[in-house]
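# A closer look at the structure
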Amino acid sequence: MRTTALALAALLLNATAGFAQEKPADPTQDPTQVKAGRYMLDSDHGKITWSVGHLGYSTYYGQFTGVTATLDLDPKAPTKSHLSVSVPLSGAVAGNARLEQQLAGPDFFDAGKFPTATFTATGVEQTSPTTARITGDLTLRGVTKPVSVDATFNQAGTNPIDRRYTVGFDGRAVVKRSDFGVSAYLPLLGDEVSLRIEGEFKESP
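The structure presented is a predicted model; accordingly, all values stated were derived computationally and were not measured.

With that settled, consider the overall build of the protein. Helix and strand content of the protein: 2 helices and 9 strands. Element order for the protein, N to C, with α for helix and β for strand: α-β-β-β-β-α-β-β-β-β-β. Out of the 205 residues belonging to the protein, those deemed buried represent 33%. Partitioning the intrachain contacts of the protein with sequence separation of at least 6 by distance along the chain shows that 56% fall at a separation of at least 24.

This part takes up the pattern of salt bridges. Inspection of the entire model under this criterion finds 5 salt bridges. A salt bridge links Arg 133 to Asp 150; the nearest nitrogen and oxygen atoms lie 2.7 Å apart. Highlighted residues: Arg 133 in strand β6 (residues 131-140) and Asp 150 in strand β7 (residues 143-158), separated in sequence by 17 residues. Its relative accessible area of 34% is what places Asp 150 among the partly exposed residues. For Lys 202, the salt bridge identified is with Asp 162, shortest N-O distance 2.9 Å. With Lys 202 in strand β9 (residues 192-203) and Asp 162 in the loop between β7 and β8 (165-176), this residue pair connects regions lying 40 residues apart in the sequence.

Our focus in this paragraph is the nonpolar core. Ranked by internal contacts, the top residues of the largest apolar core, which has 43 residues, are Val 34, Tyr 39, Trp 50, Phe 64, Leu 83, Phe 119 and Val 167. For this core, the secondary structure elements donating two or more residues are β1 (37-54), β3 (68-73), β4 (82-88), β5 (116-128), β6, β7, β8 and β9. Dropping the residues within four chain positions of it, Leu 83 is found in contact with Ala 69, Thr 70, Leu 71, Phe 119, Thr 120, Ala 121, Ile 134 and Phe 201.

With 88% of its residues at a pLDDT of 70 or more, the protein shows a mean pLDDT of 89. Put simply, helix α1 (residues 2-22) is where the protein has its lowest mean pLDDT, 40, and β8 is where it has its highest, 98. Throughout residues 1-24 the model reports pLDDT below 50, and contacts reaching past four residues in sequence, or to other chains, amount to 4 contacts.

Another aspect to go through is the side chain of Asp 110. Note on placement: Asp 110 falls in the loop between α2 (97-104) and β5. This buried residue, Asp 110, is left without a salt bridge; Lys 113 holds the nearest opposite charge, at 4.3 Å. With residues near it in sequence (within four places) discarded, Asp 110 still touches Leu 103, Ala 104, Gly 105 and Arg 141.

Attention shifts here to the pairing of β8. Strand residues, when the strand is regular, have side chains that alternate between the two faces of the sheet. Summarising the sheet, β7 and β8 pair through 8 bridges and their orientation is antiparallel. In the sheet register, Thr 158 faces β8, and the bridge partner there is Tyr 165. A loop of 6 residues connects β7 with β8, the two strands running antiparallel in sequence, and Arg 163 in this loop sits at a positive phi of about 60°. Here 11 bridges tie β8 to β9, and the two strands are oriented antiparallel to one another. What sits directly across from Ala 173, in β9, is Leu 195.

Turning next to the environment of Asp 42. Structurally, the position occupied by Asp 42 is in strand β1. Once residues lying within four places of it in the same chain are set aside, the contact partners of Asp 42 are Glu 200 and Lys 202.

This brings us to the packing of aromatic side chains. The tally for this structure, following the rule as stated, stands at 6 aromatic pairs. Taking 5.9 Å as the distance between ring centres and 65° as the angle between the ring planes, the aromatic pair formed by Phe 153 and Phe 169 counts as edge-to-face. Highlighted residues: Phe 153 in strand β7 and Phe 169 in strand β8, separated in sequence by 16 residues. A residue is classified by how much of its surface remains accessible, and Phe 153, at 8% relative accessible area, is buried. On the numbers, 6.1 Å between centres and 80° between planes, the contact of Phe 169 with Phe 201 is edge-to-face.

Let's shift gears to the environment of Asp 26. In this fold, Asp 26 is placed in the loop between α1 and β1. Here the alpha-carbon distance between Asp 26 and Gly 157, two residues 131 residues apart in the chain, equals 6.4 Å.

This part covers the pairing of strand β2 (residues 58-64). Pairing geometry for β1 and β2, over 7 bridges, is antiparallel. When the bridges of β2 are listed, Thr 49 appears paired with Gln 63. Linkage of β1 to β2, two consecutive antiparallel strands, is achieved through a turn of 3 residues, within which Leu 55 is found at a positive phi near 60°.

Rules behind the numbers
The residue numbering used here restarts from 1 in each chain and proceeds along that chain's sequence as written. Predicted model: local features are reported for residues with pLDDT of at least 70 only, side-chain atom pairs are reported and counted for 80 or more only, and whole-chain, interface and lining totals are derived from all residues. Side-chain numbers here rest on the full set of heavy atoms in the structure, without hydrogens or water. By definition, any uninterrupted DSSP run of H or I lasting at least four residues is a helix, any uninterrupted run of E lasting at least two residues is a strand, and each is numbered from the N terminus. Accessibility here uses a 1.4 Å probe with only protein chains present; expressed as a share of the type maximum, an area under 20% marks a residue as buried, one over 50% as exposed, and anything in between as partly exposed. Any pair of residues with heavy atoms lying within 4.5 Å of one another is described as a contacting pair. In what follows, salt bridge is the name for a side-chain nitrogen of Lys or Arg lying within 4 Å of a carboxyl oxygen of Asp or Glu. In plain words, nonpolar cores are sets of buried Ala, Val, Leu, Ile, Met, Phe, Trp, Tyr and Cys residues tied together by side-chain atoms within 4.5 Å. Values of pLDDT, the confidence the predictor places in each residue, fall between 0 and 100. In this charge count, Lys and Arg are treated as positive and Asp and Glu as negative; neither His nor the chain ends contribute. Here the rule is simple: two strands pair whenever DSSP picks up at least two bridges between them. Paired rings are identified among Phe, Tyr and Trp, the last through its six-membered ring, by centres lying within 6.5 Å, and are further divided according to the angle between planes into stacked (under 30 degrees), edge-to-face (over 60) and tilted (the rest).

Given below as structure tokens:
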């Protein structure tokens, strides 16, 4: 009887030790503790919400989904980090099928000729321990212009759902659409488009 009890106790201790080893590490809000390396955007949790003034009566909101991105992150030297983003333009979400077709058409994104917009970082300036200004080249409708994104680090750690190491950011930017040849209905529709960016990046295998 005693031998059986000892065996059960040993099994329980081994199982508990295994669980402790596999338990995800607590997330950190300290960017200097983030793992360096290459990360890929989780497209299911990476969206760009856009907004533009509508005839002076309201602000209209929509989203870009299906965004892909790679991030080479060096938390010890953030200015050496690199970001590359691709945004499919045919799937802009506006909550209205007719408007979504119009956005994909030649008046706006002309997605048949220019299916994606891209952003490639050219510089990173740390503005606080958890924020940075990312400057880069945005290419839209065949036109490339510099754009700045104000990014905020949220946290990093092992995601409890998929158990993958994850780094989360959000960002803000303002783009003047006429700079990229998107001038339909100016000035009734606003020229400045505000972008709110949310991204969860997964550590590459």
